[in-house]
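Coordinates in review
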Amino acid sequence: MVNALSRYLTDDRLKITYISILVMTIIAVAVGGVTVFTLHKAGMKSQENRLIEYVESQARMVEAILAFDARHSAQDHPLGAEGATIAQVIEAHESFKGFGETGEFSMAKRDGDQIIFVLRHRNFQIEKPKPVAFDSPTAEAMHEALSGRSGVITTLDYNGVPVLAAYEPVSGGHFGMVAKIDISEARAPIINAAILAAAVSVLLVTFGALTVVGINAPLLRRLHDSEVRQRSILDNIGDGIVTIDTDRKIQSFNKAAESIFGYSVNEITGRNVKVLLPQSDRDNQESFLERYLGLREGNFTGRTQEITAVKKDGTEISISFTLTQLQLEDTRMFAGVIRDITARKEIENQLVANTVELSLANKDLERSNKELDDFAYIASHDLKEPLRGIHNYAQFLIEDYGDKLDEEGNSKLATLTRLTQRLEDLINSLLHFSRVGRVDLATKEVDLNANVMEIIDSLHVSLAENGIDLRIPRPLPSTHCDGARIGEVFRNLITNAMKYNDKEEKWIEVGFDDSPGDGRVFYVRDNGIGIREKHLGSIFRIFKRLHGRDKFGGGTGAGLTIVQKIVQRHGGRIWVESEHKIGTTFFFTLQGGE
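Residues numbered from 1 in each chain as written. Predicted model: local features only at pLDDT ≥ 70, side-chain atom pairs only at ≥ 80, totals over all residues. Heavy atoms only, no water.

1. Observations concerning the nonpolar core
Spelled out, the test is: As used in this record, nonpolar core signifies buried Ala, Val, Leu, Ile, Met, Phe, Trp, Tyr and Cys residues forming a set joined through side-chain atoms within 4.5 Å. Working definition: with a 1.4 Å probe on protein chains only, accessible area under 20% of the residue-type maximum means buried, over 50% means exposed, and in between means partly exposed. A run of H or I in DSSP becomes a helix once it reaches four residues, and a run of E becomes a strand once it reaches two; helices and strands are each numbered from the N terminus. Only heavy atoms matter for contacts: two residues are in contact if any of them lie within 4.5 Å across the pair.
Residues I486, V489, F490, L493, F586 and F588 are the most contacted members of the largest nonpolar core, which totals 36 residues. Mapped by element, the contributors of at least two residues to this core are α12 (448-458), α14 (483-499), β16 (506-515), β17 (519-526), α15 (559-569), β18 (574-579) and β19 (583-589). In terms of residue count, α14 provides more of this core than any other element does, 7 residues in total. Once you skip the residues sitting within four places of it in the chain, V489 turns out to touch V563, I566, V567 and F588. Judged by nonpolar contacts, the second largest core, of 24 residues, contains I86, M107, L164 and A186.

Below you can see the structure in the form of structure tokens.
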């Protein structure tokens, strides 16, 4: 690739000269354009500031004269204080030359729908123009000033000439002031500077062209040195670089390519590129070129492809191949960047195998969990009947033989009755937990606000008896879920928040937040007894209670486990944040169901 480029440049010295001159011309024109633009912008800004400064100083002066005349000349002048002020302004302008050849100052006041000019001063000429309509397009600047605004605009004056005009209202009176100058005069210095910049650019281009012609020969020598340096760079790049002509023959091979394929540059140069392919691809060269190189239409150029190649010793390797088309006048070539990805492919294949193995393990785990759920359901169901028999027989003994037994005997039977009832409650909780995992979810769009309000209504008596202030900061949204199951989640969390609260003023808050990481997060918060940090990791374990069996209303300890199971079946997660004796917050997310 480097050799071909060098030959092309060496045989076309005149082109180098022309291109260099063209580049300098473009640079000169660009610099000149930027210079003219900058000068124009700065010059116009300077003119604007000059006009603003002038019109503001005139306005402030008139304001001061108005204030003075209002106090001292109101009775002395036949037209009053305002007339005295106008007379003084006109007198002052009679001795003031003005600014520029086209600079003009005007002062006017509004009378109904007309603008009444007090004076117009251009050089030494002072005149009092005829009134014009307040909305006249030739008095746009004065219209703005008499409307109480100040600023600068480009507009047409009464002669239809484009002008740059600054306008300013006069406080304490009904006057407006305008200072303007023709755009042509404002731009004159800028145009002169542009002509000068163009002349300098022409001189620079001429000088540059002569210089290029003078250094053409040394430049070509430097090009040769550059070729040597580029050859060195290409040989030290980690990726293999191969150039191919339109006859599918290899023209260059850098050091990295030699290392990848095992061929030296002298061995491979001039040989057909299909020598780097496995035998199965060599039989159909056109198919190979269409599939991998795209030499016919160039459809694959610029795209990285992963293919199988073969080394000199016959070893097959995996490579990534990126092809770029080069057009050197009438010569079309292709440069390929090659990287040996054999090691990466082996790792990918191993990852695929590990993924398959993990998938099979997950299926085994799912089957095992299902069998465990089935066992829990069957075992719990079958245990209930004999347990109920034991409980009933104990009750019969107490009723029929209680008077024949001593106090210790009656106590043991009462204990047996209580324990069988406790065991039945545990079995019922286990059955419920198993059923949560076995029954399909009936998911649909559910209004959670209505769902929670139904639960609150059913708990109304308990909430009132316990003095609970239940808060919902904002209406809960609708979401896709099993309404009955999620209602069970809210009921369990609200009931727990109500049970585990010993404060005088008790409250429970039900709400949701939008989290960047988790999406919509629902929560149930209370100011109850809280949970010690050491117990936070075990509260979702089935039958785990953190207090005495009969304390805080008793229970089996399966409620939070069931809540967790329901949330997980909805594709969500549940977690808790708590501070002992301060309060607890349960958070959970929903993803619509499994």
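2. Let's talk about the packing of aromatic side chains
Ring pairs (aromatic) are described by centroid distance and by the angle formed between their planes. Rule in force here: Geometry of aromatic contacts follows a simple scheme: Phe, Tyr and Trp rings, the Trp one being its six-membered ring, pair when their centres are within 6.5 Å, and the pair is stacked under 30 degrees between planes, edge-to-face over 60, tilted otherwise. Counted as over-ring charges are cases with an Arg CZ or a Lys NZ within 6 Å of the ring centre that also lie within 35 degrees of the ring normal.
This model, assessed by the stated rule, comprises 7 aromatic pairs. The rings of F490, F512, F522 and F588 are connected pair by pair, giving a single aromatic cluster. When the ring centre of Y523 is taken as reference, the NZ or CZ atom of R525 above it lies at 4.3 Å.

3. Things to note about the packing of α14 against α15
Helix-helix packing is described using two parameters, namely the angle between the two axes and the distance between the axes. Note the following rule: Throughout, an axis means a line fitted to C-alpha atoms (over the contacting stretch in the case of helices), and angles, computed between N-to-C directions, take values from 0 to 180 degrees. Note on convention: the crossing is left-handed when the near helix lies turned anticlockwise from the far helix by less than a right angle, right-handed when the turn is clockwise. Here the nonpolar group is Ala, Val, Leu, Ile, Met, Phe, Trp, Tyr, Cys and Pro; Asp, Glu, Lys and Arg are the charged ones; every other residue, Gly included, is treated as polar.
Direction vectors running N to C along α14 and α15 enclose 145°, while the axes themselves pass 9 Å from each other. α14 and α15 meet at a crossing whose hand is left-handed. Judged by residue contacts, R485, I486, E488, V489, N492, L493 and N496 of α14 engage G559, L560, I562, V563, I566 and V567 from α15. For the contact of α14 with α15, the residue count by class is 8 nonpolar, 3 polar and 2 charged.

4. Examining α15
Side chains that are three or four residues apart share a direction in an α-helix, a result of its 3.6 residues per turn. Those residues of α15 not exposed but buried are L560, T561, I562, V563, I566, V567 and R569. Positive backbone phi, at 75°, marks G571, one or two positions downstream of α15.

5. Here's the deal with the pattern of salt bridges
The condition is simple: Between Lys or Arg on one side and Asp or Glu on the other, a salt bridge is scored when a side-chain nitrogen of the former is within 4 Å of a carboxyl oxygen of the latter.
Applying the stated criterion across every chain yields a total of 17 salt bridges. As a salt-bridge pair, K345 and E306 come within 2.7 Å of each other at their nearest N and O atoms. You can see K345 sitting in helix α10 (residues 342-401) and its partner E306 sitting in strand β10 (residues 304-310), a full 39 residues away along the chain. Look at K345 and you get partly exposed, because its relative accessible area is 23%. By relative accessible area, E306 is classed as partly exposed at 42%. For R520, the salt bridge goes to D514, with nearest N and O atoms at 3.6 Å. Here R520 falls in the partly exposed class, since its relative accessible area comes to 36%. Overlapping salt bridges bring together E306, R344, K345 and E348 as one network.

6. A word on unusual backbone geometry
The backbone of R248 shows a phi angle near 70°, a positive value even though the residue is not glycine. Here R248 lies in the loop between β8 (240-245) and β9 (250-253). Judged by relative accessible area, which is 18%, R248 ranks as buried.

7. Focus on the environment of I52
Note on placement: I52 falls in helix α2 (residues 13-72). Non-local contacts of I52, meaning those with residues more than four positions away in its chain, are made with V152 and A166.

8. Thoughts on the confidence of the model for the chain
Do not read the predicted coordinates in detail wherever pLDDT is low. Note the cut-off: Confidence per residue, as judged by the predictor, is encoded in pLDDT with a range of 0 to 100.
Looking at the chain, pLDDT values average 77 and 74% of them are 70 or higher. Confidence scores differ between elements of the chain, with helix α1 (residues 2-10) showing the lowest mean pLDDT of 46 and β19 the highest of 94. Below pLDDT 50 for its whole length, residues 4-10 participates in 9 contacts with residues either more than four positions away or in separate chains.

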